[in-house]
Amino acid sequence: MSIRIIQGPHAQSPDTEVLRHLQQRANAAGRTLELCPCGCLPELIDQIRATEADSTEFMLLDLGDLAYQAKIHPEAGLDGALDELSTPYVEVHEESGAELDHPAGFHHAPIATVIIHGDIGSSYHIGLGIALRQLSLQQAA
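Residues numbered from 1 in each chain as written. Predicted model: local features only at pLDDT ≥ 70, side-chain atom pairs only at ≥ 80, totals over all residues. Heavy atoms only, no water.

Draft legend 1. Quick peek at the overall build of the protein. Counting its regular elements, the protein contains five helices and five strands. Counted from the first residue to the last, the protein has its helices and strands arranged as β-α-β-α-β-α-α-β-β-α. Computed over the C-alpha atoms, the radius of gyration of the protein is 14 Å, within 12% of the 14 Å expected from 2.2 N^0.38 for a compact globule of 141 residues. The C-alpha extent of the protein, read off along each of the three principal axes, is 40 × 35 × 20 Å. (Helix = DSSP H or I, 4+ residues; strand = E, 2+ residues; numbered from the N terminus. Rg over C-alpha atoms; globule rule 2.2 N^0.38 Å.)

Written out as structure tokens, the structure reads:
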């Protein structure tokens with residue numbers, strides 16, 4: 001696989017049409033796309049750590065409704081998992097205020113943070129565009 005979407009729960013998840021279109025865009029660029037839905041913060045952290053053990057080349061990180069939990073429970077280890085990550089990633093959000101605040105000394109920040117208020121599908125499209133562009137540049141180098 002080359003691109004993994006790690007997705008926390010949402011009150012309104014991207015619809016299947018959006019996800020199908022994302023898959024088509026990735027396939028047209030010669031990449032695969034895997035959606036990894038997570039129902040809780042520990043599961044999301046485990047999925048982030050799993051990207052190191054497989055062939056993930058890029059990650060889209062959508063905390064969804066777990067953004068608040070991540071902020072009030074830093075001891076859960078999300079910052080540590082992201083800081084240890086060698087895979088480039090983009091954060092995608094559907095509302096402002098959900099983006100992560102990385103602590104001082106944080107080494108592995110996202111390439112970009114995409115927030116389209118009220119439209120997670122557009123955030124995914126923009127995030128995937130960034131991922132495909134970055135992978136194309138890496139392949140050309």
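Draft legend 2. Highlighting the pattern of salt bridges. Tallying each qualifying case throughout the model produces three salt bridges. Arg20 is the partner of Glu17 in a salt bridge, and the nearest nitrogen-oxygen pair spans 2.3 Å. On the criterion of helical spacing, the pair formed by Glu17 and Arg20 is a turn pair, its members being three residues apart in helix 1 (residues 16-28). You can call Arg20 partly exposed: its relative accessible area is 39%. (Salt bridge = Lys/Arg side-chain N within 4 Å of Asp/Glu carboxyl O. Buried < 20%, exposed > 50% of the residue type's maximum accessible area, 1.4 Å probe, protein only.)

Draft legend 3. Just the sheet that holds strand 3 (residues 58-62), in detail. Strand order in the open sheet formed by five strands is 2-1-3-4-5, and the pairing between neighbours is parallel. Each end of this open sheet is capped by a strand with a single partner; those strands are strand 2 (33-37) and strand 5 (112-115). Pairs of neighbouring strands in the sheet enclose a mean axial angle of 20°, with direction left out of account. Where strand 3 and strand 4 (residues 89-93) come together, three bridges link them in parallel fashion. Along strand 4, the bridge assignment pairs Leu60 with Val90. (Pairing = 2+ DSSP bridges. Axes fitted to C-alpha atoms, helices over the stretch in contact; angles between N-to-C directions.)

Draft legend 4. Summary view of the pairing of strand 5. Across the two faces of strand 5 the burial differs, with Ala112 and Val114 buried and Thr113 and Ile115 not buried at all. Of the pairings in the sheet, the one linking strand 4 to strand 5 comprises four bridges and is parallel in character. Opposite His93, over in strand 5, you have Ile115 as the bridge partner.

Draft legend 5. Up close: helix 2 (residues 41-50). Within the sequence span of helix 2, burial applies to Leu41, Leu44, Ile45 and Ile48. The arc that holds the buried residues of helix 2, viewed along the axis, is 100°, so those residues lie on one side. For helix 2, exposure combined with an orientation more than 90 degrees from the buried face picks out Pro42 and Asp46. The inward-facing, buried residues of helix 2 contact strand 1 (3-7), strand 3, helix 3 (67-72) and helix 4 (78-84). (Arc of directions from axis to C-beta. Contact = heavy atoms within 4.5 Å.)

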